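# Structural overview for review
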2 protein chains.
Amino acid sequence: MPFIHDQPDPSLTPAQVRQLCRENKLPTPQTSGYAPGYAQANIVVLPLKYADDFRTFCQRNPVPCPLLGETAPGDPTVPSHLAKGSDIRTDCARYNIYEDGKRIANKTDIIDEWQPDSVAFFIGCSYSFEDALIKGGFGLRHQELNNMTPCYRTSVPLMRSGPIKGKMVVSMRPYPLEKVPEIVRITKPYARTHGEPVGWGPEGAKELGIEDVNGQKPTWGDPTVLKEGEVCVYWGCGVSPQQAVMDSELPGVYMSHEPGQMLVLDLKIEDVCQ
Amino acid sequence: MPFIHDQPDPSLTPAQVRQLCRENKLPTPQTSGYAPGYAQANIVVLPLKYADDFRTFCQRNPVPCPLLGETAPGDPTVPSHLAKGSDIRTDCARYNIYEDGKRIANKTDIIDEWQPDSVAFFIGCSYSFEDALIKGGFGLRHQELNNMTPCYRTSVPLMRSGPIKGKMVVSMRPYPLEKVPEIVRITKPYARTHGEPVGWGPEGAKELGIEDVNGQKPTWGDPTVLKEGEVCVYWGCGVSPQQAVMDSELPGVYMSHEPGQMLVLDLKIEDVCQ
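Residues numbered from 1 in each chain as written. Chains lettered and ligands numbered in written order. Predicted model: local features only at pLDDT ≥ 70, side-chain atom pairs only at ≥ 80, totals over all residues. Heavy atoms only, no water.

## Some words on the interface of chain B and chain A
For the record, the criterion: Residues count as neighbours in contact if any of their non-hydrogen atoms are within 4.5 Å of one another. As used here, buried area is the combined drop in accessible area, with a 1.4 Å probe, of two parts when they are placed together. Just to be clear on terms, a salt bridge is a Lys or Arg side-chain nitrogen sitting within 4 Å of an Asp or Glu carboxyl oxygen. We define a polar contact as two N or O atoms separated by no more than 3.5 Å, with the added condition that, inside protein, one atom must be a possible hydrogen donor and the other a possible acceptor, whereas residues neighbouring each other in sequence contribute only through side-chain atom pairs. Note on conventions: DSSP H or I runs of at least 4 residues are helices, E runs of at least 2 residues are strands, and numbering of each starts at the N terminus. Here the term charged refers only to Asp, Glu, Lys and Arg, the term nonpolar to Ala, Val, Leu, Ile, Met, Phe, Trp, Tyr, Cys and Pro, and the term polar to all other amino acids, Gly among them.
At the junction of the two partners, chain B supplies 26 residues and chain A supplies 26 residues. Summing both partners gives a buried area of about 2,100 Å² for chain B against chain A, and 55% of it is carried by carbon and sulfur. Summed over the three residues of chain B that lose the most area to chain A, namely Arg60(B), Met159(B) and Arg160(B), the buried surface amounts to 26% of that side. At the surface where chain B touches chain A, the tally comes to 6 salt bridges. Residue Lys165(B) is joined to Glu207(A) by a salt bridge in which the shortest nitrogen-to-oxygen separation is 3.5 Å. Scanning the region where chain B abuts chain A turns up 10 residue pairs in polar contact (both at pLDDT 80 or more). Elements that contribute at least two residues to the side of chain B that touches chain A include exactly helix H2 (51-60), strand E6 (151-157), strand E7 (167-176), strand E8 (199-200) and helix H6 (201-208) of chain B. Among the residues forming the side of chain B that touches chain A, the class breakdown is 9 nonpolar, 8 polar and 9 charged.

Here is the structure:
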């Protein structure tokens with residue numbers, strides 16, 4: 001069982017989780033399960049010259065790319081309503097660094113890479129509504145298996161913006177088919193963290209261009225286990241914008257969090273509800 | 001040349017165009033070219049029970065479905081900031097009426113069909129930025145040919161909302177390939193009327209699932225003529241939400257404008273710019 005990891009400690013505050021990340025002491029490979037009741041964010045860091053197009057890209061694709069906020073150019077301070085006293089260069093557990101569309105490094109901070117014209121964007125994450133699913137009586141298979149949320153690259157083209165284009169990425173959680181309407185109802189209000197599912201079951205997988213209908217070969221994350229009567233349920237995923245930036249092969253250096261290792265916010269999940 | 005029609009009179013005010021529609025005297029089969037400088041809107045009329053899901057559907061798909069406003073339930077008065085003194089039951093030239101996903105009638109008003117729980121939604125239309133293209137030195141082939149804007153059903157699934165799902169519809173205008181960056185720049189600010197193109201050329205057509213790369217067999221509207229060096233340029237289209245409502249086969253009666261025959265608004269196009 002190579003994908004069994006330490007359990008997250010749900011008693012930690014968002015600031016304490018960020019402190020663990022800053023000190024490179026997060027004992028798990030993802031932030032799912034930490035600080036239940038608080039939102040988490042995907043990160044994309046770009047040179048200022050791409051900021052307008054990226055912002056528009058997010059506005060045109062609010063389901064996979066719900067923009068929660070951004071830094072001032074060159075200032076790595078996270079806006080205080082998102083995460084007080086946080087420095088985006090250090091407060092995710094791991095980062096990917098890209099150059100001209102190729103991943104060139106994976107590091108625990110981006111202090112050396114941050115530039116005077118860097119802008120960090122904060123994008124909603126579906127971990128934010130997982131607590132609502134649990135409170136609604138719906139467990140999370142990746143937490144039960146203690147492994148990584150499976151994510152898929154789909155064939156669905158996103159709405160392009162200037163030089164930025166790409167395909168949607170989705171996260172997946174298995175649930176009984178007959179419970180899907182309730183799953184829709186619970187996650188629908190979380191419009192700023194992907195909202196209701198974009199599809200489910202073999203028909204949904206086909207529409208999204210996902211061949212692996214049983215959750216065995218995700219593009220990222222770990223395989224899952226489908227129980228009798230369960231289907232794969234897919235949500236827009238905040239890995240989409242970083243994948244789009246990479247696929248667009250923008251010239252220059254840009255950074256993102258390592259998928260699954262989000263920035264844990266001080267924003268309560270109620271604050272990302274409509 | 002069966003698709004040659006009368007020319008629009010550009011000197012008419014939006015209120016005068018609406019008056020013509022109300023009196024069933026619009027001499028052309030589309031509103032493209034009328035009231036240059038003013039926005040136009042697609043219309044979807046639904047029973048109140050679908051209003052929440054439809055509103056969310058638009059929010060999740062802002063490129064094809066940019067929601068400009070809606071009526072109070074049961075009140076056919078168009079919000080005055082959109083079109084002063086306008087009654088949505090009469091002020092489009094023609095309407096389609098659907099029952100359980102099937103088109104059952106095409107009429108010049110929906111006075112008989114309007115119900116105490118009807119809600120009309122107003123969705124941005126790309127005719128709104130055509131004047132900006134003309135001012136930027138880019139003619140409109142459908143106006144030159146005096147025929148209907150070609151529109152295509154694509155293979156791109158929209159983000160579903162409750163029972164509402166569907167594929168994106170796009171409008172198409174031909175332009176020289178090397179001018180596409182300028183076309184993008186001109187239409188990008190019109191975020192509430194579809195903004196910049198979603199694709200162009202044979203590669204864009206392939207990504208959108210459009211086989212007819214030469215503009216000869218549009219799903220709706222008339223065939224076009226591509227000149228040397230020109231490619232098809234595609235924009236999100238406000239026919240998408242009415243097509244989605246129809247394809248979702250929602251039980252009940254709902255209405256829309258006839259594609260191409262929009263509600264002409266008092267909103268200036270500057271007001272739909274970002």
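## With respect to the packing of aromatic side chains
Rules: Aromatic contacts are taken between Phe, Tyr and Trp rings whose centres are within 6.5 Å, Trp giving its six-membered ring; a plane angle under 30 degrees counts as stacked, one over 60 as edge-to-face, and the others as tilted. Here the term buried applies to any residue with accessible area under 20% of the maximum for its type, exposed to any over 50%, and partly exposed to those in between, with areas from a 1.4 Å probe on protein chains only. Charge over a ring is defined by NZ of Lys or CZ of Arg lying within 6 Å of the ring centre and within 35 degrees of the ring normal.
Inspection of the entire model under this criterion finds 12 aromatic pairs over all chains. When the ring of Phe138(B) is compared with that of Tyr175(B), the centres are 5.7 Å apart and the planes differ by 90°; the resulting orientation is edge-to-face. Of the two residues, Phe138(B) is situated in the loop between helix H3 (130-135) and helix H4 (141-144) and Tyr175(B) in strand E7; the sequence distance between them amounts to 37 residues. In this structure, Phe138(B) and Tyr175(B) share a single accessibility class: buried. Within the aromatic cluster, the residues linked to one another by ring pairs are Phe129(A), Tyr190(A) and Trp235(A). Seen from the ring of Trp235(B), Arg173(B) lies directly overhead, with NZ or CZ sitting 5.2 Å from the centre.

## Here we look at the relation of the copies chain B and chain A
Cut-off, in case you're wondering: We superpose the copies by least squares over the C-alpha atoms of residues that have a pLDDT of at least 70 in both of them.
Take chain B, turn it by 180°, move it 0.0 Å along the axis, and it overlays chain A with an RMSD of 0.0 Å. These values place the two chain copies in the arrangement generated by a two-fold rotation axis. The position closest to the rotation axis in chain B is occupied by the C-alpha of Val156(B), lying 3.1 Å away. The share of interface residues of chain B whose copies in chain A are also at the interface is 100%, consistent with both copies meeting through the same surface.

## Structural notes on the pattern of salt bridges
A full pass over the atoms with the stated rule returns 39 salt bridges over all chains. The closest approach of N and O atoms between Arg55(A) and Asp52(A), which form a salt bridge, is 2.8 Å. Of the two residues, Arg55(A) and Asp52(A) are both situated in helix H2 (residues 51-60); the distance of 3 residues between them amounts to about one turn of the helix. Where Lys165(B) meets Glu203(A), a salt bridge forms, and the shortest distance between an N and an O atom there is 3.9 Å. Pair noted here: Lys165(B) is in the loop between E6 and E7 and Glu203(A) is in helix H6 (residues 201-208), and the two residues belong to different chains. For Glu203(A), a relative accessible area of 60% translates into the label exposed. Salt bridges linked by common partners bring Arg141(A), Glu144(A), Lys227(A) and Glu230(A) together as one network.

## A look at helix H5 (residues 180-187) of chain B
All names here are of chain B. Short version of the rule: As used here, the arc is the angular range of directions from the helix axis to the C-beta atoms.
Residues Val180, Ile183, Val184, Ile186 and Thr187 constitute the buried set of H5. Down the axis of H5, the buried side of the element spans an arc of 165°, and every buried residue falls inside it. Exposed and oriented more than 90 degrees from the buried face of H5 are Pro181 and Arg185. Check the buried side of H5 and you find it contacts H3, E7, E8 and strand E9 (230-236).

## Focus on the pairing of E9(B)
Residue and element names in this part refer to chain B. Stated precisely, the cut-off is as follows: A pair of strands is treated as paired once DSSP finds two or more bridges between them.
Counting buried residues along E9, 7 of its 7 residues qualify, which places the element largely inside the surrounding structure. Pairing analysis gives 7 bridges linking E7 to E9, with the strands arranged antiparallel. In the sheet register, Ser171 faces E9, and the bridge partner there is Trp235. The pairing of E8 with E9 spans 2 bridges and is antiparallel. From the neighbouring strand, Trp200 faces E9, where its bridge partner is Val233.

## A word on the confidence of the model for chain A
To keep it simple, the criterion reads: Confidence of the predictor at the level of single residues is captured by pLDDT, which takes values from 0 to 100.
Per-residue confidence for chain A averages 93 on the pLDDT scale, and 98% of its residues sit at or above 70. Across chain A, the element-wise mean pLDDT spans from 86 in helix H4 (residues 141-144) of chain A up to 98 in strand E8 (residues 199-200) of chain A.

## Structural notes on the environment of His142(B)
All names here are of chain B. By the secondary structure assignment, His142 is in helix H4. Sequence-wise, His142 and Gln19 are 123 residues apart; in three dimensions their C-alpha atoms are separated by 24 Å. For His142, the residues in contact, after removing those within four places along its chain, are Gln30, Ser32, Glu130, Asn147, Met148, Thr149 and Arg173. In this structure the side chain of His142 is engaged in a polar contact, spanning 3.2 Å, whose partner is the side chain of Ser32.

## Focus: helix H1 (residues 14-22) of chain A
All names here are of chain A. Taken as a whole, H1 has its buried residues at Pro14, Val17, Arg18 and Cys21. Summarising the axial view, the buried residues of H1 lie within an arc of 100°, below the 170-degree limit, and thus occupy one face. Count one or two residues on from H1 and you reach Asn24, which has phi positive near 55°.

## Brief notes about the domain arrangement of chain A
Residues and elements named next belong to chain A. Formally: Where a domain begins and ends is set by an automatic assignment or by a domain database.
Along its sequence, chain A is organised into domain 1 (14-126 + 248-272) and domain 2 (129-239). The straight-line distance from the C-alpha centre of domain 1 to that of domain 2 is 21 Å. Counting residues at the interface gives 30 residues for domain 1 and 30 residues for domain 2. When the two sides are added together, the surface that domain 1 and domain 2 hide from each other amounts to roughly 2,600 Å², 57% of it contributed by carbon and sulfur.

## Comments concerning the sheet that holds E6(B)
A sheet is described by the order of its strands in space; here 4 strands give the open sequence E6-E7-E9-E8 (chain B), paired in antiparallel fashion. With one partner strand each, in any of the chains shown, E6 and E8 of chain B form the two edges of the open sheet.

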